[in-house]
Amino acid sequence: MHIIIDPAQVEQLKSKYTVLELDTIRLMPEDRLITAYSVVENIPLNELPLVDSKRSLHENLIINYRKKDWNYCSQALEHLVGSWSGELDTFYDDLSNRIAKYIEQDPGKDWDATIEKTVTTE
């Protein structure tokens, strides 16, 4: 799986490849947001007729994750795991683990679905 964070590359690559949004990351201490995308290069021939519906399901997964609709997300993940030649399965597993944690303990009203990462400069 190739991951890109440059918005210009995202638009350029969308014309040739399936590009799927992953996570939005807040880089601290500068409080800068970046969004990570996956570039799916290898789609098996038998999955080509399903690309549009799987892409739509993935996009709705991200939308509903931000809304904290854990039920929708869990159902969507059941259909998405194994798609894209399994290239995104690690992401889907991670997302599933986060959701399971959030079901047990609500992330709170201020939760904005971003992942915070501290960047150090030396």
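Conventions adopted
Residues numbered from 1 in each chain as written. Predicted model: local features only at pLDDT ≥ 70, side-chain atom pairs only at ≥ 80, totals over all residues. Heavy atoms only, no water. Pairing = 2+ DSSP bridges. Helix = DSSP H or I, 4+ residues; strand = E, 2+ residues; numbered from the N terminus. Axes fitted to C-alpha atoms, helices over the stretch in contact; angles between N-to-C directions. Expected span 1.5 Å × (residues − 1). Buried < 20%, exposed > 50% of the residue type's maximum accessible area, 1.4 Å probe, protein only. Contact = heavy atoms within 4.5 Å. Core = buried A, V, L, I, M, F, W, Y, C linked by side-chain atoms within 4.5 Å.

Colleague: Give a detailed account of the sheet that holds strand 4 (residues 115-118), specifying residues and quantitative values.
Modeller: Taken in spatial order, the 4 strands make up an open sheet running 1-3-2-4, and their pairing is mixed. Of all the strands in the sheet, the pair left with one neighbour each is strand 1 (2-4) and strand 4. Averaged over all neighbouring strand pairs, the angle between strand axes comes to 35°, with direction disregarded. Pairing geometry for strand 1 and strand 3 (residues 32-40), over 3 bridges, is antiparallel. For Ile4, the partnering residue across the bridge sits in strand 3 and is Tyr37.

Colleague: Lay out helix 4 (residues 89-104) with the relevant residues and their values.
Modeller: Along its 16 residues, helix 4 runs 23 Å from first to last C-alpha, staying within 8% of the 22 Å computed at 1.5 Å per residue. For helix 4, the set of buried residues is Asp89, Phe91, Tyr92, Leu95, Arg98, Ile99 and Tyr102. Where the residues of helix 4 are buried, they touch strand 2 (18-28), helix 2 (51-66), helix 3 (70-80) and strand 4.

Colleague: How would you explain the pairing of strand 2 if you had to name every residue and give the values?
Modeller: Most of strand 2 sits out of view: 9 of its 11 residues are buried. In terms of strand pairing, strand 2 meets strand 3 through 8 bridges, oriented antiparallel. What sits directly across from Leu27, in strand 3, is Arg32. In this antiparallel pair of consecutive strands, strand 2 and strand 3, the connection spans 3 residues, and Asp31 shows a positive phi of 55°. Pairing of strand 2 with strand 4 involves 4 bridges; the strand directions are parallel. The partner of Arg26 across the bridge, within strand 4, is Glu116.

Colleague: Please set out the environment of Ala76 residue by residue, giving values where relevant.
Modeller: When you line up the elements, Ala76 lands in helix 3. Separated by 30 residues in sequence, Ala76 and Asp106 place their C-alpha atoms 20 Å apart. What Ala76 contacts, discounting residues up to four positions off in sequence, is Leu57 and Leu61.

Colleague: Talk me through the nonpolar core; I want residue IDs and the actual numbers.
Modeller: Judged by nonpolar contacts, the single largest core of 26 residues is most densely connected at Leu61, Tyr65, Trp84, Leu88, Tyr92, Leu95 and Ile99. Those elements that place two or more of their residues in this core are strand 2, strand 3, helix 2, helix 3 and helix 4. When residues no more than four places from it in sequence are discounted, the contact partners of Trp84 are Thr18, Leu20, Val40, Asn42, Ile43, Glu47, Val51, Lys54, Arg55 and Tyr92. Among the nonpolar cores identified, the runner-up in size contains 5 residues, and Ile4, Val10, Val19 and Tyr37 belong to it.

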